[in-house]
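Single-letter residue listing:
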Amino acid sequence: MSLNSISLKVLSIWLAIPLGIFITSCGGDSEIVEKISRESQLLAAFEYSGDWLDISSETSNARATYWKNDGTVVFVVGRGTDNVVGYRLEEPWQIQSGNLWMEMELEGSNQHGLYLRDDGMKMWVFDRTGIWTYLLEEPWNITTIGEGVLTDFSDYIERGHDIDFTPDGRRLFVDDRNIGAVFQFDLGSAWEVTTAEFNYKLDISDIQQEVRGIEFIEEGGVMVLMDTRLQALLQFQLSKPWNISTANFVGSFDVSSQTSQGRGLSFSADERYFYVTCRDDSRIFQYQVSMEE
């Protein structure tokens, strides 16, 4: 699908905005229109930095990435190699400064999604329909993971690719490109996916084509999805943070000049950078807030 097609989808979402918003703005209140415009420009503020990391020697068919919270280490899942690899960065958040640090084979197959808790003591790997939970003996040292515990989500998920949590570990999100949806689960016990209960399904079937990555930014006020076939990031604005029942599609960001096979997505802690994993070239590309901003 061309960017013009994506733009048409954005237009259709604008047309679907409740009439009351336009009545209010036509009545002289420009704040709402300005707010919508500002929100839709979030991804537009970024540009490709020209920097990337070659991960071809350690991974095959690479998928999700996840960053240590100080930006000194990035982890990536290799679906074809059934492993997770850590790269240490000489300069925090600067992907081109990464060097191999450690790698670890994983249980199961078809690994896609990846998440590590902020203390580095717990890791989750998503394999399309199930989530593997691992405990680490040493923080951020993936070679010290114990035996994984698999939690099955196939009653809801057909072909998911990535996961995300709220900062308190009380809510879980899973994308699904077959169904064309994002699922929201509440956890009875924080960080325990075995206690997950279905809460809401956001239908994005009329927008997405092959969603393969999910990341929440702006303190849960924005959800960003990686769509492989559209070769773009899709931005959704949430009127209530961390509640996808309030999500509206507001814009997209084209990554086709770098890759036609984007398979993973992550943002830096300060949200000035984001990173897209490329399957065919086995690279992680870095994007940054435009220097002109």
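Below, the structure is looked at part by part. (Residues numbered from 1 in each chain as written. Predicted model: local features only at pLDDT ≥ 70, side-chain atom pairs only at ≥ 80, totals over all residues. Heavy atoms only, no water.)

### Some details on the sheet that holds strand β5 (residues 98-105)
- Taken together, 4 strands build an open sheet; the order of strands is β2-β3-β4-β5 and the sheet is antiparallel. Two strands lie at the open edges of the sheet, namely β2 (62-67) and β5, each paired on one side alone. Taken pair by pair, the neighbouring strands of this sheet meet at an average axis angle of 25 degrees, ignoring direction.
- Inspection of the sheet shows strand β4 (residues 83-89) paired to β5 by 7 bridges, in the antiparallel sense. Within β5, the residue paired with V84 across the bridge is M104. (Pairing = 2+ DSSP bridges. Helix = DSSP H or I, 4+ residues; strand = E, 2+ residues; numbered from the N terminus. Axes fitted to C-alpha atoms, helices over the stretch in contact; angles between N-to-C directions.)

### Some details on the sheet that holds strand β12 (residues 181-187)
- Ordered by their spatial adjacency, 4 strands build an open sheet running β10-β11-β12-β13, and the pairing between neighbours is antiparallel. At either margin of the open sheet sits one strand with a lone partner, and together these are β10 (160-165) and β13 (196-203). With direction set aside, neighbouring strand axes in the sheet form an average angle of 20 degrees.
- Here β10 runs beside strand β11 (residues 171-176); their pairing, made up of 4 bridges, is antiparallel. Its bridge partner lying in β11, I163 is registered against V174.

### Looking at the environment of Q231
- Residue placement: Q231 occurs in the loop between β15 (222-227) and β16 (232-238).
- Looking at Q231, the relative accessible area reads 24%, which means it is partly exposed.
- Contact partners of Q231, with chain neighbours within four places excluded, come to F253, D254, V255, S256, T259 and S260. (Buried < 20%, exposed > 50% of the residue type's maximum accessible area, 1.4 Å probe, protein only. Contact = heavy atoms within 4.5 Å.)

### Some details on the pattern of salt bridges
- Scanning all chains against the criterion turns up 7 salt bridges.
- Here R171 and D186 are joined by a salt bridge, their closest N and O atoms 2.7 Å apart. Note that R171 is positioned in strand β11 and D186 in strand β12, a separation of 15 residues in sequence.
- A residue is classified by how much of its surface remains accessible, and D186, at 26% relative accessible area, is partly exposed.
- Across the salt bridge formed by R177 and E210, the nearest N and O atoms sit 3.8 Å from each other. Placement of the pair is R177 in the loop between β11 and β12 and E210 in the loop between β13 and β14 (211-217), with a sequence separation of 33 residues.
- The buried category is assigned to E210, whose relative accessible area is 13%.
- One connected set of salt bridges, linked through shared partners, spans R177, E210, R212 and R229. (Salt bridge = Lys/Arg side-chain N within 4 Å of Asp/Glu carboxyl O.)

### Description of the nonpolar core
- Grouped together as the largest cluster of nonpolar side chains are 34 residues, with contacts concentrated most on L114, M123, I163, F165 and L172.
- Within the residue set of this core, elements represented by two or more residues are β2, β3 (73-78), β6 (113-116), β7 (122-126), β8 (130-135), β10, β11 and β12.
- Not counting the four nearest positions on each side in its chain, I163 is found in contact with Y115, W124, F126, I131, L172, F173, V174 and I214.
- Among the nonpolar cores identified, the runner-up in size contains 19 residues, and L202, V211, L234 and W242 belong to it. (Core = buried A, V, L, I, M, F, W, Y, C linked by side-chain atoms within 4.5 Å.)

### A look at the layout of surface pockets
- Considered as a void within the structure, the largest pocket measures approximately 560 Å³ in volume.
- Looking at the lining of the largest pocket, the element that brings in the most residues is β14, giving 3 residues.
- Residues belonging to the lining of the largest pocket are distributed by class as follows: 12 nonpolar, 5 polar and 8 charged. (1 Å grid on protein atoms, 1.4 Å probe; cavity = no way out; pocket = protein on both sides within 12 Å on 5 of 7 lines; lining within 4 Å. Points joined across faces, edges and corners; volume = space filled by probe spheres on them. Nonpolar A, V, L, I, M, F, W, Y, C, P; charged D, E, K, R; others polar.)

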